[in-house]
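Structure assessment
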Amino acid sequence: AQSVTQLGSHVSVSEGALVLLRCNYSSSVPPYLFWYVQYPNQGLQLLLKYTSAATLVKGINGFEAEFKKSETSFHLTKPSAHMRDAAEYFCAVSWAGRNKLTFGTGTQLKVEL
Amino acid sequence: EAQVTQNPRYLITVTGKKLTVTCSQNMNHEYMSWYRQDPGLGLRQIYYSMNVEVTDKGDVPEGYKVSRKEKRNFPLILESPSPNQTSLYFCASLSHPSASEAYEQYFGPGTRLTVT
């Protein structure tokens, strides 16, 4: 069965430090991959998506993610964390022609001074 | 402005009292979906609709009903709510750029439901 795993339910970084949020998928066919962000008391906002074009995807707010087929991964990174990045981040996967997103369990990012 | 709206945003109710959460989109999307979000479980799909009068179960449909009588609206109905349906609910509307691309989902702001 296809699934997505986010390692680390809570990640804490210092302001200015590298942000790395991990996402691995399990699929027998090439998936489409998404990262969503949820700020406190708000809905989900799309950060970026991979749809089989460039493997390095740039998103909003300085985030990017790299699709690595050999590692079945789609980790989210940002070179320098800012306080406003504190939120919950969800990795999600879908497949061509499918209307369903399968979500990971989320990673809560905390940014400390 | 393209958007998905949900009402109400917050709801506290008692066990067994029927309720409806409305969802509306203004993007003329054919596909719509309902998810629930629970701590440690991420978002799980409840029901989805591929078009007017076409709906199907997602991963966690028990205790829920939906209807799709108009393209823009996709209400979620809890006929006899129970405490285990206390959750944060999201409606999503799906764009379909082309047959070879993934659907991009637009989410509503969420409805926080508490069933006592």
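Thresholds, definitions, all that
Residues numbered from 1 in each chain as written. Chains lettered and ligands numbered in written order. Predicted model: local features only at pLDDT ≥ 70, side-chain atom pairs only at ≥ 80, totals over all residues. Heavy atoms only, no water. Phe/Tyr/Trp six-rings, centres within 6.5 Å; stacked < 30°, edge-to-face > 60°. Helix = DSSP H or I, 4+ residues; strand = E, 2+ residues; numbered from the N terminus. Buried < 20%, exposed > 50% of the residue type's maximum accessible area, 1.4 Å probe, protein only. Pairing = 2+ DSSP bridges. Axes fitted to C-alpha atoms, helices over the stretch in contact; angles between N-to-C directions. Lys, Arg positive; Asp, Glu negative; His and termini not counted. Salt bridge = Lys/Arg side-chain N within 4 Å of Asp/Glu carboxyl O. Contact = heavy atoms within 4.5 Å. Buried area = accessible area lost by both parts, 1.4 Å probe. Polar contact = N/O pair within 3.5 Å; in protein donor to acceptor, adjacent residues only side chain to side chain. Nonpolar A, V, L, I, M, F, W, Y, C, P; charged D, E, K, R; others polar.

Some thoughts on the packing of aromatic side chains
The relative placement of two aromatic rings is captured by the distance of their centres and the angle of their planes. Throughout the structure, instances matching the rule amount to 13 aromatic pairs over all chains. Summarising the aromatic geometry, the rings of Tyr50(A) and Phe74(A) are spaced 6.2 Å apart at their centres and angled 50° between planes, so their arrangement reads as tilted. Of the two residues, Tyr50(A) is situated in strand E5 (residues 44-50) and Phe74(A) in strand E8 (residues 73-78); the sequence distance between them amounts to 24 residues. Pair check on accessibility: Tyr50(A) and Phe74(A) agree, each one buried. Centre to centre, the rings of Phe90(B) and Phe107(B) are 6.3 Å apart; their planes meet at 85°, and the pair counts as edge-to-face. Remark: Phe107(B) occurs in strand E10 (residues 104-107) and Phe90(B) occurs in strand E9 (residues 87-95); sequence separation between them is 17 residues. On the accessibility criterion, Phe90(B) (0% relative accessible area) is buried. On the basis of relative accessible area, Phe107(B) is assigned to the buried category, the value being 11%.

Points about the sheet that holds strand E1 (residues 3-7) of chain A
Residues and elements named next belong to chain A. Strand order across the open sheet formed by 5 strands is E1-E3-E8-E7-E6, with antiparallel pairing between neighbours. Both edges of this open sheet fall to E1 and strand E6 (56-58), since each of them pairs with a single strand only. Neighbour-to-neighbour, the strand axes of this sheet turn through a mean angle of 20°, independent of strand direction. Sheet topology places strand E7 (residues 64-68) next to E8; 5 bridges connect them, and they run antiparallel.

Quick word on the side chain of Glu88(A)
In this fold, Glu88(A) is placed in strand E9 (residues 87-94). This buried residue, Glu88(A), is left without a salt bridge; Arg112(B) holds the nearest opposite charge, at 8.5 Å. Apart from the residues within four sequence positions on either side, Glu88(A) is in contact with Tyr36(A), Val37(A), Gln38(A), Thr105(A), Gly106(A), Thr107(A), Gln108(A) and Gln37(B).

Things to note about the pattern of salt bridges
Tallied over the entire structure, the rule returns 7 salt bridges over all chains. Of the charged contacts, one joins Lys58(A) and Glu64(A) as a salt bridge, the two residues approaching to 2.8 Å between their closest N and O atoms. Across the salt bridge formed by Asp38(B) and Arg36(B), the nearest N and O atoms sit 2.8 Å from each other. Judged on exposure class, the residue Asp38(B) and its partner Arg36(B) are both buried. Residues joined by salt bridges that share partners form a network here, namely Lys18(B), Lys65(B) and Glu79(B).

Some details on the sheet that holds strand E7 (residues 65-66) of chain B
All names here are of chain B. One open sheet holds the 4 strands; their spatial order is E1-E3-E8-E7, and the pairing between them is antiparallel. Strands at the two margins of the open sheet, each flanked by one partner only, are strand E1 (4-7) and E7. Relative to strand E8 (residues 76-78), E7 runs antiparallel, the two sharing 2 bridges. Directly across from Val66, in E8, lies its bridge partner Leu76.

Observations concerning the interface of chain A and chain B
Contacts between the two partners involve 21 residues from chain A and, on the opposite side, 24 residues from chain B. For the pair chain A and chain B, the two sides together bury roughly 1,900 Å², of which 52% comes from carbon and sulfur. The largest contributions to the chain A side of the interface with chain B come from Leu44(A), Asn99(A) and Lys100(A), which together make up 31% of the buried area. Our enumeration of links across chain A and chain B arrives at 0 salt bridges. Across the chain A-chain B interface, the total number found is 3 residue pairs in polar contact (both at pLDDT 80 or more). Those elements that place two or more of their residues in the side of chain A that touches chain B are strand E4 (32-38), E5 and E9 of chain A. The dominant element in the side of chain A that touches chain B, judged by the number of residues it contributes, is E4(A), at 4 residues. A class-by-class count of the residues in the side of chain A that touches chain B yields 8 nonpolar, 9 polar and 4 charged.

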